[in-house]
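Each chain, written out:
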Amino acid sequence: MPKLLLKFNAAVLKEIPLDKDSFTVGRKPDNDIVIDNPAVSGHHCKIFRQGEGYYLEDLDSTNGTFLNEKRVMKSGLHDADVIGLAKHALVFVEDKPAAPPPPPPPPPAAEKTVVLSAGQQQDMAKASAQANAKPKERIGGLKVLKGIVGQIEYELKGLSTYIGKSDRVQVPIQGTGLFKSAPEVAASIHRKPEGYVLVAVKEGYPVVNGAAVSGQVVLNDGDLIDCGATTMQFFLKEQA
């Protein structure tokens, strides 16, 4: 916001923000800016906004209004202009935000192309291949730690893998007592975009990291899964 600095000789007495369209200056107390000096007229001059700019206008003062040491009747104001009023002065400050610095100049172009050795070219090609290589896909699996019925380790390559005592499931388990007490299908593991998700087919029967599952839970590498008397550990490994 533009402002005025009221000065007496070299000392700044106050700052006056130009927060309205017009300010009167003079000796009388009804002015917006009062200067108690006998050489200043009762209503000496005014400073007003017109369009995008600010202007100074003399109000038929006795001793005149001076802008940058020149007597004026009316004139536009610019940053750092000084309005002289006897021994007092009003300095106009536009207070605009500083312009952003210019962008740095472009780096000088190399005069000659650097010739790489055969080894450097191979290193550059290898680095480029590594940067563009897709990350290897990680495949989930189950390792049976306790209650082995079939094999010790299972790879979860399909979209869905079922766990239970049925002869149609991929991962057979033991129940809490005899094998026959386990549910036909206790849980299923599904391969989804967010990862491997275990779904409780029998609510509350599968337990992941000590918490019974009702609904579904996303599996993390190293999670422990208890289904009855069978304990398994979920793992992820990079596909060969």
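Because the structure is predicted, anything quoted here is derived from the model rather than measured.

Novice: Account for the pattern of salt bridges, naming residues and giving values.
Specialist: Taken as a whole, this structure holds seven salt bridges when the rule is applied. Here D32 ties to K20 by a salt bridge, and the two come within 2.6 Å at their closest N and O atoms. On the criterion of sequence distance, the pair formed by D32 in the loop between β3 (22-26) and β4 (33-34) and K20 in the loop between β2 (11-17) and β3 is long-range, its members being 12 residues apart. Taking relative accessible area as the criterion, D32 reaches 38% and is therefore assigned partly exposed. Among the ionic pairs, K237 bridges to E155, the shortest N-O distance being 2.8 Å. Of the two residues, K237 sits in strand β22 (residues 230-238) while E155 sits in strand β13 (residues 153-155), which places them 82 residues apart along the sequence. Overall, K237 belongs to the partly exposed group, its relative accessible area being 33%. Through salt bridges with shared partners, one network takes in E155, K157 and K237.

Novice: Can you lay out the sheet that holds strand β15 (residues 171-172) for me, pointing to particular residues and giving the numbers?
Specialist: Across the sheet, which stays open at both edges, the five strands sit in the order β15-β14-β16-β17-β20 with mixed pairing between neighbours. Looking at the sheet topology across the chains shown, the edges are occupied by β15 and β20 (216-218). Bridging between strand β14 (residues 160-164) and β15 involves two bridges; their strand directions are parallel. Residue I163 lies in a different strand from β15, and its bridge partner there is V171.

Novice: How would you explain the sheet that holds β13 if you had to name every residue and give the values?
Specialist: Across a sheet, paired strands are connected by hydrogen bonds in the backbone, their directions being either parallel or antiparallel. Reading across from one edge, β13-β12-β22-β21-β18-β19 is the order of the six strands in this open sheet, with antiparallel pairing throughout. In this open sheet, the two strands that pair with only one neighbour each are β13 and β19 (211-212). Sheet topology note: the strand β21 (residues 224-227)/β22 ladder contains four bridges and is antiparallel. Opposite D226, over in β22, you have T231 as the bridge partner.

Reading guide: rules and limits
Residues numbered from 1 in each chain as written. Predicted model: local features only at pLDDT ≥ 70, side-chain atom pairs only at ≥ 80, totals over all residues. Heavy atoms only, no water. Salt bridge = Lys/Arg side-chain N within 4 Å of Asp/Glu carboxyl O. Helix = DSSP H or I, 4+ residues; strand = E, 2+ residues; numbered from the N terminus. Buried < 20%, exposed > 50% of the residue type's maximum accessible area, 1.4 Å probe, protein only. Pairing = 2+ DSSP bridges.

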